[in-house]
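Residue-level structure breakdown
Next come the chains, spelled out residue by residue.
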Amino acid sequence: MTLADEAATRALGARIAGALRVGDAVLLSGPLGAGKTALARAVIQASGITGHVPSPTFTLVQHYETADLTIRHFDLYRIEREIDLAELGLEDALEDGAVLAEWPERAADYWPETALHIELKPVGEQTRIAHIRGGEYWRRVVDGI
Ligand SMILES: Nc1ncnc2c1ncn2[C@@H]1O[C@H](COP(=O)(O)OP(=O)(O)OP(=O)(O)O)[C@@H](O)[C@H]1O
Ligand SMILES: [Mg+2]
């Protein structure tokens, strides 16, 4: 899918937000500045969160409560050891809520089969190519954007 500008990224985020359930993992890959945080922020805001949605670059995880779902937004860039993942509560996060994760490669063994994988590739100032992979459920969500 081609995301021509940030509005297109926000539209994709809104579609994902509308479908997000407990146990879902949305895995956001791509280089620095690709738009992983921008897409995660779009999902969180479209879920009804109105306050500041910071990048979890330093906190590693940010926690949000919407009307009917817990969402945790992880940035695993700085993770170096397996044990750090356990301490961060990645497994617990999938048990009681949905997870949005930047740099999911750092925790490759953790993700459920049902995960939605999105790889963002910058191809210009505002244009991003999104390579999207997931099961049938996610195909229906993302189709037709
Ligand atoms: N179509 C687009 N989608 C997403 N972001 C875009 C788009 N066009 C421009 N941008 C800009 O690209 C930047 C993306 O930054 P962002 O922090 O989301 O990247 P990131 O992938 O999370 O990087 P990092 O690996 O450092 O966490 C922002 O400044 C955003 O405004
Ligand atoms: Mg980021």
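Preceding block: the structure.
Sequence order as written defines residue numbering, which begins from 1 separately in each chain. Labels are handed out in written order, letters beginning with A for the chains and numbers beginning with 1 for the ligands. Restriction of local features to residues with pLDDT of at least 70 applies here, the model being predicted, together with a cutoff of 80 or more for giving and counting side-chain atom pairs; totals for whole chains, interfaces and linings are based on all residues. Hydrogens and water are ignored here; the side-chain numbers use all heavy atoms of the structure.

**Topic: the nonpolar core**
The condition that has to hold: In this description, a nonpolar core means a group of buried Ala, Val, Leu, Ile, Met, Phe, Trp, Tyr and Cys residues linked to one another through side-chain atoms lying within 4.5 Å. Whether a residue is buried, partly exposed or exposed follows from its accessible area with a 1.4 Å probe, protein chains only, as a fraction of its type maximum: under 20%, in between, or over 50%, in that order. Each helix is a run of H or I in the DSSP string that is no shorter than four residues. Each strand is a run of E no shorter than two, and both are numbered from the N terminus. Only heavy atoms matter for contacts: two residues are in contact if any of them lie within 4.5 Å across the pair.
Among the nonpolar cores identified, the biggest contains 27 residues, and Ile 16, Leu 20, Val 26, Leu 100 and Ile 118 are the most heavily contacted of them. Breaking this core down by element, the ones donating at least two residues are α1 (6-19), β2 (25-29), α2 (36-46), β5 (98-102), β6 (116-122) and α5 (136-142). Beyond its immediate stretch of four places on either side in the chain, Leu 20 contacts Val 26, Val 43, Leu 69, Ile 71, Ala 98, Leu 100 and Trp 138. Counting 18 residues, the second largest nonpolar core, distinct from the first, contains Leu 60, Leu 88, Leu 90 and Ala 101.

**Re the site of ligand 1**
We apply this condition: Only a single heavy atom is needed: when it lies within 4 Å of a molecule or strand, its residue is near that molecule or strand. Counted as a polar contact is a pair of N or O atoms within 3.5 Å, where, for protein atoms, one must be capable of donating a hydrogen and the other of accepting one, and residues adjacent in sequence contribute only when both atoms are in side chains. All amino acids are sorted into three groups, where Ala, Val, Leu, Ile, Met, Phe, Trp, Tyr, Cys and Pro are nonpolar, Asp, Glu, Lys and Arg are charged, and the leftover types, Gly among them, are polar.
Lining the immediate environment of ligand 1, one finds 17 residues, of which Glu 6, Thr 9, Lys 36, Thr 37 and Gln 126 sit closest. In the model, a nitrogen atom of ligand 1 is placed 2.8 Å from a nitrogen or oxygen of the Gln 126 main chain. Separating an oxygen atom of ligand 1 from a side-chain N or O atom of Arg 128 is a distance of 3.0 Å. Contributing elements (two or more residues each) for the shell around ligand 1: α1 and α2. Counting residues per element, the shell around ligand 1 draws most heavily on α2, which supplies 3 residues. Its residues assigned to classes, the shell around ligand 1 comprises 5 nonpolar, 5 polar and 7 charged.

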